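Survey of secondary and tertiary structure
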Amino acid sequence: MTGIEASPFIQVIAALVASALYVATYLSFVRLMRYPRNWHPPSLSASLATGLLAALTVALVSLSPDGLDTPALAISASFLVLLFCIIAAPAIAFRPASRPVEFLAKHGDYAGLWLIGPALIAGLAVPNIKLQAVLATAMAIELTWFFRQRWAGRGRRLHPLNDHDLSVLETQAKGDLAAFRRRHGIRELELSTGIVSWRGCGKGTSPCPFNLYVNRLGLNTAPCCREHLKDLSHHIGTGLREMGVVHWLEGGSLLGAVREGGALLDWEDDVDISVLLDDDMTWERLAAGLAERGARDGYFVDLFEKKGFISISFDQPKRWPFRWERNRLRGEIRADIAIYRQAISHGKAVLERRSYKGTMPATQSGGYGVPEEIVLPTTPIPFLGGEFAGPNEPEVYLRLLYGDFRKVEYTYLDAGAAKARAPFDVADTSIPAD
Ligand SMILES: [Zn+2]
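The rules behind each value
Residues numbered from 1 in each chain as written. Predicted model: local features only at pLDDT ≥ 70, side-chain atom pairs only at ≥ 80, totals over all residues. Buried ≥ 20, exposed ≤ 12 C-beta atoms within 10 Å, placed from the backbone. Helix = DSSP H or I, 4+ residues; strand = E, 2+ residues; numbered from the N terminus. Pairing = 2+ DSSP bridges. Domains from an automatic or database assignment. Contact = placed C-beta atoms within 7 Å. Nonpolar A, V, L, I, M, F, W, Y, C, P; charged D, E, K, R; others polar. Arc of directions from axis to C-beta.

1. So, the pairing of strand β9 (residues 309–313)
Two faces belong to every sheet, and in a regular strand the side chains alternate between them. For β9, the buried fraction is high: 4 of the 5 residues fall into the buried class. The pairing of strand β8 (residues 300–304) with β9 spans 5 bridges and is antiparallel. Note on β9: the bridge partner recorded for Leu303 is Ile310. Linking two consecutive strands that pair antiparallel, namely β8 and β9, is a turn of 4 residues; a positive phi of about 65° is found at Gly308 within it. Strand direction decides the pairing type here: β9 and strand β10 (residues 334–345), joined by 5 bridges, are antiparallel. Among the inter-strand pairings, Ile312 is bridged to a residue of β10, identified as Ala335.

Listed below in structure tokens is the structure:
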């Protein structure tokens, strides 16, 4: 054994560095989760940075002047992989996911704590202070996450469910609400008082995972989340108007404005707004304006410049370093802002975006576009109790996106759940039976 290695002081310093490296890896990883959370593949540079930090952590733990500590290498590497699978599950489950991912996402508030036992055994069995420091730091972070989620959950308030929400819920649950609640981990559903109500989310709580409840279970959007989507829409609409940005309601929000008389679709899972950038209104100006307003009014703004996309969420932005831990949450109340630019495609003036939307036609340059005259100049349209900007010809726009938009179609809903709720959603437009 060398003199350097025997020095307790050096060992403590090495343990502290290993611990700090784990924290850096963890923060980089939870930040990376903003991509799957927004249905985008992770960026290469961010993935490489996270991978490098993880590799450095494992290397520091398992290498010493004496050579390689194989048990510490095996334990630290497998521990990181396991724990990061648990941490990533809620973000990955934003898209339909495999059963194990769904399972981990459902228990995401505390699943990290399942590793406390194995971490304790490994830490006692392998006398490596750097490994012990990493395991202890990781478990301390998981404990803090668990208690913060528990604490935040106290802010939930009971909301009554209206008749329509309740009938859809009872149909999807096949009449057994308690079993349905248990099977899908619907903690918001309150049955103990004898009246069915919803323990609703707020600014300080985690959001209801309503994208899951809506898209996979076929429920209506929860009453709390509907309220928050409305507040969020008005926050963004006001901001864009104040900044003089050309914008219009898009996708499901426009469909709600036109077909549902200015309301959200019953199974709405986000708000869609599009903006037009040009030489005056650049990405930088738009991003800075939205970020400033988000910070002032308490909304989380996430920018994806390369993807031409901004997401704004209802939750209160947290301070660093907890800011990106929101990507561990199972739910999201969000508005998606898509960027359009003017272009010429096949000799015609179009407004073009990079990402696919509905059945929007492809453009010459490889994007997707709508004829400019359908959108500009934008025209006011009532939505959620206020007035928003819509495309100049909203019905033509919707036909371009969805074909026969008057017919109810469930774009993102699970097929079985959609079939079960269909009778409720055609009731308003069908001819009443005698
Ligand atoms: Zn909610």
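Continuing now.
2. Notes on the domain arrangement of the chain
Taken domain by domain, the chain holds domain 1 (3–153) and domain 2 (223–408). Domain 1 puts 14 residues into the contact, and the matching count from domain 2 is 12 residues. Taken together, the elements giving at least two residues each to the side of domain 1 that touches domain 2 come down to α2 (8–32), α3 (34–37) and α5 (70–92). Its residues placed into classes, the side of domain 1 that touches domain 2 shows 8 nonpolar, 3 polar and 3 charged.

3. Overview of helix α16 (residues 394–402)
Residues Pro394, Tyr397, Leu398, Leu400 and Tyr402 constitute the buried set of α16. The buried side chains of α16 occupy one side of the element, clustering within an arc of 170° when seen end-on. The inward-facing, buried residues of α16 contact α13 (251–259), β12 (368–371), α15 (372–375), β13 (379–383) and β14 (386–390). Immediately downstream of α16, the backbone of Gly403 shows phi near 70°, a positive value.

4. Concerning unusual backbone geometry
With an omega of -10°, the peptide bond between Leu376 and Pro377 qualifies as cis. Counting through the fold element by element, Pro377 comes out in the loop between α15 and β13. Positioned with a positive phi, Trp39 is a non-glycine residue whose angle comes to about 65°. Mapped onto the secondary structure, Trp39 falls in the loop between α3 and α4 (44–62). The backbone phi angle of Lys174 is positive, close to 50°, even though this residue is not glycine. In this fold, Lys174 is placed in the loop between α9 (163–172) and α10 (177–184).

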